[in-house]
Amino acid sequence: MYDFELLYFPARGRAEQIRLMFALKGVPLRENPASNWPELKPGTPYGMLPVITERSEGDEFVLAESGAIMRHLARRFEMYGRNERQHAMADALADFVADSRTKYIAVAYAAVIGTSAETIEKYWAQLPNTLATLESGLQRSTNVAAGWFIGDELTFADVAAFDYLDALERLRPGCLDGHSGLQAFVAKFRALPTIAPFIAERTRP
């Protein structure tokens, strides 16, 4: 029996996709809100969050970096696809989402980072192209009717994509208008039996 603990601030940020993985699989996840982060930082693998700790019968495994954590959980929870080709497709989608999310962060936290108005305007102007590229990935799925990006089962990359799109809609409602495929994907994910209550109950900003 494994025990999982997430070290992250009480915000969605880069850890929300990790939380979604646990919610999706119905696996308990304890949270450490990193309230004493300056003291904890020197003891973390790379001095950055999120960090997840996995404990079992005296054994402890500590892993940092959100991408590495997601891939580790994908293997553990059997959400990496069914073969090497699907593994590669999931990696490609997850990397695209991560790159897109990096640009999003500068806009979502503009007041903290000090992002210029020009950069913000440029981001929203280019977003439709980003969304169109992402939507084309749904159309290239090996099982389009399933509604997921890769094959007929959810992968960790679907979780990452949902988290990004959900964050976008929270920041600018209606931004997915005109992208019916992505809207259907988001709606289907939100309605999953273990995800719907998780979304309804979360209060993190």
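Everything that follows concerns the structure shown earlier in this document.
What counts as what
Residues numbered from 1 in each chain as written. Predicted model: local features only at pLDDT ≥ 70, side-chain atom pairs only at ≥ 80, totals over all residues. Heavy atoms only, no water. Salt bridge = Lys/Arg side-chain N within 4 Å of Asp/Glu carboxyl O. Helix = DSSP H or I, 4+ residues; strand = E, 2+ residues; numbered from the N terminus. Buried < 20%, exposed > 50% of the residue type's maximum accessible area, 1.4 Å probe, protein only. Axes fitted to C-alpha atoms, helices over the stretch in contact; angles between N-to-C directions. Parallel < 35°, antiparallel > 145°, perpendicular 65-115°, else oblique. Left-handed = near helix turned anticlockwise from the far one by under 90°. Contact = heavy atoms within 4.5 Å. Nonpolar A, V, L, I, M, F, W, Y, C, P; charged D, E, K, R; others polar.

Asker: Pulling in residues and values, what's your account of the pattern of salt bridges?
Answerer: Side-chain pairs of opposite charge can arise whenever the charged atoms involved come near each other. On inspection of all chains with the given rule, the structure shows 19 salt bridges. In this structure, E169 and R190 form a salt bridge, with 2.8 Å as the shortest nitrogen-oxygen distance. Remark: R190 occurs in helix α8 (residues 180–190) and E169 occurs in helix α7 (residues 156–171); sequence separation between them is 21 residues. Residue R190 is classed as partly exposed on the basis of its relative accessible area of 30%. When salt bridges with common partners are traced through the structure, they connect R12, E16, R19, E31, D166, E169, R190, R202 and R204 into a single cluster.

Asker: Provide a residue-level description of the packing of helix α4 (residues 84–108) against helix α6 (residues 117–139), including the pertinent values.
Answerer: Look at α4 against α6: their axes get within 10 Å of each other, and the N-to-C directions meet at 165°. The angle between α4 and α6 falls in the class roughly antiparallel. In this structure, α4 crosses over α6, and the sense of that crossing is left-handed. Along its contact with α4, which presents L93, F96, V97, S100, K103, Y104 and V107, the element α6 presents I120, Y123, W124, T130, T133 and L134. When its residues are assigned to classes, the contact of α4 with α6 shows 9 nonpolar, 3 polar and 1 charged.

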